[in-house]
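Listed below, chain by chain, are the residues.
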Amino acid sequence: MGQSNQDKVLQRIDRLLERELKKKDVHNVYLSLYSPSKDFEWHSAKGTFKDGSEVTLKNPFYTASIGKTFTATAIGLLVDQGKIRFEDPISKYLTRETTDGLHVWNGVDYSDSIQVSHLLQHTSGLPDYFDTQTLDGTPSLFELLVTDPNRFWTPEELISFSKAHFKPSFSPGRGYRYTDTEYVLLGMIIEKVSGMALHDFLATHIFDPLTMNQTYLNQRSQPSSSVQTMAEMYLGSQEISTFKSLSADWAGGAIVSTGKDLITFQKALMKGELVSEQTLALMQQWTPETKGMTYGFGLRKIEFKELAPILPRWHVVGHSGLNGTSMYYCPELDMYLVSTLNQLETSKEAVMLMVKVLMQCEKI
């Protein structure tokens, strides 16, 4: 493909980003693309901060649930080190205080039946502490995130909140339900088994070895001095990126990063440079999630043709975040894609943007 054709494709992709930026309450848009076989790499950041200054590629962004892939990878690393097994009961690694009354379903206590693999694949049946309807009608944690923005949440408080205000959905291994509660428990297991704080474990075993210098765990670890201000994130019209209450994300999705760093991470993961080939294969054993989507261990697979018959017969593997973040690899195009709309009400729009961008990438 000639340079002029490639320029035209990038112009069309640029117009797609401009269109997203014009939408209500979307204030910044990021997109990173990389294809090893095509020797192609492109990064874009658009938008402004509240003070009118421009967002640049030097401003990292909140990755939300993309962090689940990092947490799952950390568990995979511990499996490869022989320190943990996917089929282990979680009660082997967590305190009795944490597991007591964790999973009571139809009068039966299944707390000791939950395996590490159940947490990774959202098949434990545990409730989600981020659910909007509490059993007693008290404010949900999602509401408290906004009404009590200065509150710092510890992992133990999140598990207690889940136990106090919600009930499980099914017995372990008998269904699928996406829940952040499971990933907080995984974070606690990582800390117990490794003897390190989660942010230190991620830095020591993933960020530093891969030279992900602009990546850190929000509110837990300090970015290096060269990292600039995180791009602003919105919930509707409200800017929430500095809220201390975002500490409630932790192991479920509090990583701050850049497109370049996230591509570096996913490339290393997919090429077996982080976990063993066997562990990576286990991470990609899929269970049905929703139309066109299946879930592995901290990884999601999207089949475009199942989303809509008119779409290409491609699939992507990676993860999405509630704030319109995407981190995916498309094998058919050999293309890595990372993007964000930094708006908590744009999950579907983010998937459609990815599809449209990849359809353009086919011409590169």
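Structure shown above.
Each value, and the rule that gives it
Residues numbered from 1 in each chain as written. Predicted model: local features only at pLDDT ≥ 70, side-chain atom pairs only at ≥ 80, totals over all residues. Heavy atoms only, no water. Pairing = 2+ DSSP bridges. Helix = DSSP H or I, 4+ residues; strand = E, 2+ residues; numbered from the N terminus. Axes fitted to C-alpha atoms, helices over the stretch in contact; angles between N-to-C directions. Left-handed = near helix turned anticlockwise from the far one by under 90°. Contact = heavy atoms within 4.5 Å. Nonpolar A, V, L, I, M, F, W, Y, C, P; charged D, E, K, R; others polar. Expected span 1.5 Å × (residues − 1). Polar contact = N/O pair within 3.5 Å; in protein donor to acceptor, adjacent residues only side chain to side chain. Core = buried A, V, L, I, M, F, W, Y, C linked by side-chain atoms within 4.5 Å. Buried < 20%, exposed > 50% of the residue type's maximum accessible area, 1.4 Å probe, protein only. Phe/Tyr/Trp six-rings, centres within 6.5 Å; stacked < 30°, edge-to-face > 60°. Lys NZ or Arg CZ within 6 Å of the ring centre and 35° of its normal.

Caption draft 1: Looking closely at the sheet that holds strand 13 (residues 315-321). Taken together, the 8 strands give an open sheet; going across it, the order is 2-1-15-14-13-12-11-10, and neighbouring strands pair in antiparallel fashion. At either end of the open sheet lies a strand with only one pairing partner, and these are strand 2 (40-47) and strand 10 (287-290). Going across the sheet, the axis of each strand differs from the next one's by a mean of 20°, ignoring polarity. Here strand 1 (residues 28-35) pairs with strand 15 (residues 335-340) via 5 bridges, running antiparallel. Each residue of the ladder has a partner; that of S32, found in strand 15, is V338.

Caption draft 2: Representation of the sheet that holds strand 9 (residues 255-257). The sheet built from 3 strands is open, its strands ordered 3-9-6 with antiparallel pairing. A single partner strand is all that each edge strand has here, and the edge strands are strand 3 (61-62) and strand 6 (216-217). Strand direction decides the pairing type here: strand 3 and strand 9, joined by 2 bridges, are antiparallel. Pairing of F61 across the sheet is with S257, part of strand 9.

Caption draft 3: Structural context of the packing of helix 2 (residues 67-80) against helix 7 (residues 180-194). Two numbers describe how helix 2 lies on helix 7: the axes approach to 10 Å, and their chain directions differ by 35°. Helix 7 is crossed by helix 2, and the crossing has left-handed handedness. Of the residues in helix 7, those in contact with K68, T71, A72, A74, I75 and L78 of helix 2 are D180, Y183, L186, G187, I189, I190, V193 and S194. In terms of residue class, the contact of helix 2 with helix 7 is made up of 9 nonpolar, 3 polar and 2 charged.

Caption draft 4: Examining helix 7 more closely. The terminal C-alpha atoms of helix 7 lie 21 Å apart, and with 15 residues this matches the ideal 21 Å at 1.5 Å per residue to within 8%. The N-capping residue of helix 7, defined by a side-chain oxygen 3.0 Å from the backbone nitrogen of T181, is T179. Positive backbone phi, approximately 75°, marks G195, located one or two places after helix 7.

Caption draft 5: Representation of the nonpolar core. Core analysis: the largest hydrophobic core is formed by 88 residues, its most contacted members being F70, I75 and I189. No other element matches the 8 residues that helix 7 contributes to this core. With 32 residues, the next largest nonpolar core counts L17, W42, M335 and V357 among its residues.

Caption draft 6: The arrangement of the pairing of strand 10 in detail. Pairing of strand 10 with strand 11 (residues 293-295), which is carried by 3 bridges, proceeds in the antiparallel orientation. Note on strand 11: the bridge partner recorded for T287 is Y295. Counting the residues that bridge the hairpin from strand 10 to strand 11 gives 2 residues, and of these G292 lies at a positive phi of roughly 80°.

Caption draft 7: How the structure looks around the packing of aromatic side chains. In total, this model carries 13 aromatic pairs according to the counting rule given. Geometrically, the ring pair formed by F70 and F207 is edge-to-face, given 5.9 Å between the ring centres and 70° between the ring planes. Residue F70 is located in helix 2, and its partner F207 is located in helix 8 (residues 198-207); the two are separated by 137 residues in the primary sequence. For F207, a relative accessible area of 4% gives the class buried. Ring centres 6.2 Å apart and planes at 55° place the aromatic pair F161 and F166 in the tilted group. When its relative accessible area of 9% is taken as the criterion, F161 is described as buried. Among the aromatic residues, those joined into a cluster by ring pairs are Y34, Y329 and Y336. The lysine or arginine in question, K68, covers the ring of Y183, its NZ or CZ lying 5.8 Å from the ring centre. Here the basic side chain of R151 rests over the ring of W153, its NZ or CZ set 3.6 Å away from the ring centre.

Caption draft 8: Structural view of unusual backbone geometry. We note that H122 has phi near 60°; this positive angle belongs to a residue other than glycine. Among the secondary structure elements, H122 is positioned in the loop between helix 4 (116-121) and helix 5 (141-147). Exposure remark for H122: the relative accessible area of 0% places this residue in the buried category. A positive phi is found at N342, a non-glycine position, where the angle reads about 50°. Tracing the backbone through its elements, the reader meets N342 in the loop between strand 15 and helix 12 (347-361). Exposure remark for N342: the relative accessible area of 1% places this residue in the buried category.

In short, shape yes, function no, at least from these values alone.
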